[in-house]
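Read off the chains here:
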Amino acid sequence: MSYNGINIDLENLLKLTEAQKVAFLHVFVKMASIDGHFDETEKVFVRKIANDLGISPEQTEDIMKNLDDHLIVKEASLIDNRSVALELIKEMCLLGHADDDLSDEEVLFIGEVGQAMGIELEKIEQISNWVIDYLIWNNQGKIIFEEI
């Protein structure tokens with residue numbers, strides 16, 4: 001499913017336990033807000049994903065308020081499905097690069113979450129490089145097809 005240009009494999013996510021879904025969403029929220037800005041558009045986006053995952057509105061609001069790094073990394077370790085973990089790393093990288101400025105704090109958080117889910121640093125770097133290539137390719141397409 002596509003959410004504002006971000007393609008999330010909802011089919012795999014729906015197979016997760018409730019705790020794993022919450023962990024996925026919690027990581028996603030933290031990554032979206034790590035730069036200190038978490039505007040209403042981003043919150044609507046998160047609420048849509050949460051709704052599609054079957055997470056209650058009350059629980060979603062709680063997730064958006066509790067952004068303790070250590071708790072979130074610990075929750076991330078619940079995600080033991082490798083394809084979901086790789087998907088989450090990809091989405092984190094896309095979010096991190098969305099403002100064209102991947103900060104040290106974002107890189108560190110991606111690494112911590114990835115390792116908590118059992119993803120090797122080399123694989124995280126591969127995903128990050130792929131995301132950069134994807135974004136460049138996508139922007140070149142917009143220029144070529146005069147969409148900018």
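Now for a look at the structure at hand. Treat the numbers as computed from the prediction; the structure is a model and nothing was measured. The residue count restarts for each chain, going from 1 along the sequence in the order it is written. The predicted origin of the model limits local features to residues at a pLDDT of at least 70 and limits the giving and counting of side-chain atom pairs to 80 or more, whereas totals for whole chains, interfaces and linings rest on all residues. Side-chain numbers here rest on the full set of heavy atoms in the structure, without hydrogens or water.

With that settled, consider the packing of aromatic side chains. Pairs of aromatic rings are described using the distance from one ring centre to the other and the angle between the two planes. What counts as a ring pair is set by centres within 6.5 Å for rings of Phe, Tyr and Trp (its six-membered ring), and what kind of pair is set by the plane angle: stacked under 30 degrees, edge-to-face over 60, tilted for all other angles. What the rule picks out here adds up to four aromatic pairs. Ring plane angle 10° and centroid distance 6.4 Å describe the contact between Phe-24 and Phe-28, whose orientation is recorded as stacked. Of this pair, Phe-24 and Phe-28 both sit in helix 2 (residues 18–33), four residues apart, which is roughly one turn of the helix. Assigned by exposure class, Phe-24 and Phe-28 land together as buried. Between Tyr-134 and Trp-137, the ring centres sit 6.3 Å apart and the planes meet at 40°, which makes this aromatic pair tilted. With Tyr-134 and Trp-137 both in helix 8 (residues 121–144) and three residues apart, the pair spans about one turn of that helix. Partly exposed describes any residue whose relative accessible area lies between the buried limit of under 20% and the exposed limit of over 50%, with all areas from a 1.4 Å probe on protein chains only and scaled to the type maximum. Overall, the relative accessible area of 59% leaves Trp-137 in the exposed class. Every member of this aromatic cluster is reached through a ring pair, and the members are Phe-24, Phe-28 and Phe-45. We count a stretch as a helix when DSSP gives it H or I for four or more residues in a row; a strand needs E for two or more, and each element gets its number in order from the N terminus.

There is a patch of like negative charges on the surface, built from Asp-35, Asp-99, Asp-100, Asp-101 and Glu-105. Position of Asp-100 among the secondary structure elements: in the loop between helix 6 (82–97) and helix 7 (104–116). Patch building starts from residues that exceed 30% relative accessible area and form no salt bridge, then joins like charges within 9 Å and nonpolar side chains (Val, Leu, Ile, Met, Phe, Trp, Tyr) within 5 Å. Areas reported as accessible are Shrake-Rupley estimates using a 1.4 Å probe. Residue values count occlusion only from the protein chains shown. Within this document, salt bridges are pairs made up of a side-chain nitrogen of Lys or Arg and a carboxyl oxygen of Asp or Glu, the two lying within 4 Å of each other. Charge counting follows a simple rule: Lys and Arg are positive, Asp and Glu are negative, and His as well as the terminal groups are ignored. For the purpose of locating charges, the reference atoms are NZ of Lys, CZ of Arg, CG of Asp and CD of Glu.

Below, the discussion takes up the side chain of His-97. By secondary structure assignment, the location of His-97 is in helix 6. A relative accessible area of 12% means that His-97 is categorised as buried.

So, about the pattern of salt bridges. Two side chains with opposite charge may pair up if their charged atoms get near one another. A complete count under the given rule lists seven salt bridges for this structure. Lys-48 serves as the salt-bridge partner of Asp-52, at 3.2 Å between the closest nitrogen and oxygen. One end of the pair, Asp-52, and the other, Lys-48, are both in helix 3 (residues 40–53), four residues apart, so they sit about a helical turn from each other. Residue class for Lys-48 comes out partly exposed when judged on its relative accessible area of 43%.

With that out of the way, let us pick up the environment of Ile-55. Here Ile-55 is to be found in the loop between helix 3 and helix 4 (57–65). Classification of Ile-55 by relative accessible area gives buried; the value is 5%. Separated by 36 residues in sequence, Ile-55 and Ala-19 place their C-alpha atoms 10.0 Å apart. Should any heavy atoms of two residues lie within 4.5 Å, those residues are considered in contact. Apart from residues lying up to four places away in sequence, Ile-55 is in contact with Lys-21, Val-22, Leu-25, Ala-50, Thr-60 and Ile-63.

Here Glu-75 is to be found in helix 5 (residues 69–76). Lacking a salt bridge, the buried Glu-75 has Lys-74 as its closest oppositely charged neighbour, with an N-O distance of 9.4 Å. In this structure Glu-75 touches Val-22, Ala-23 and His-26, once residues within four positions along its chain are discounted.

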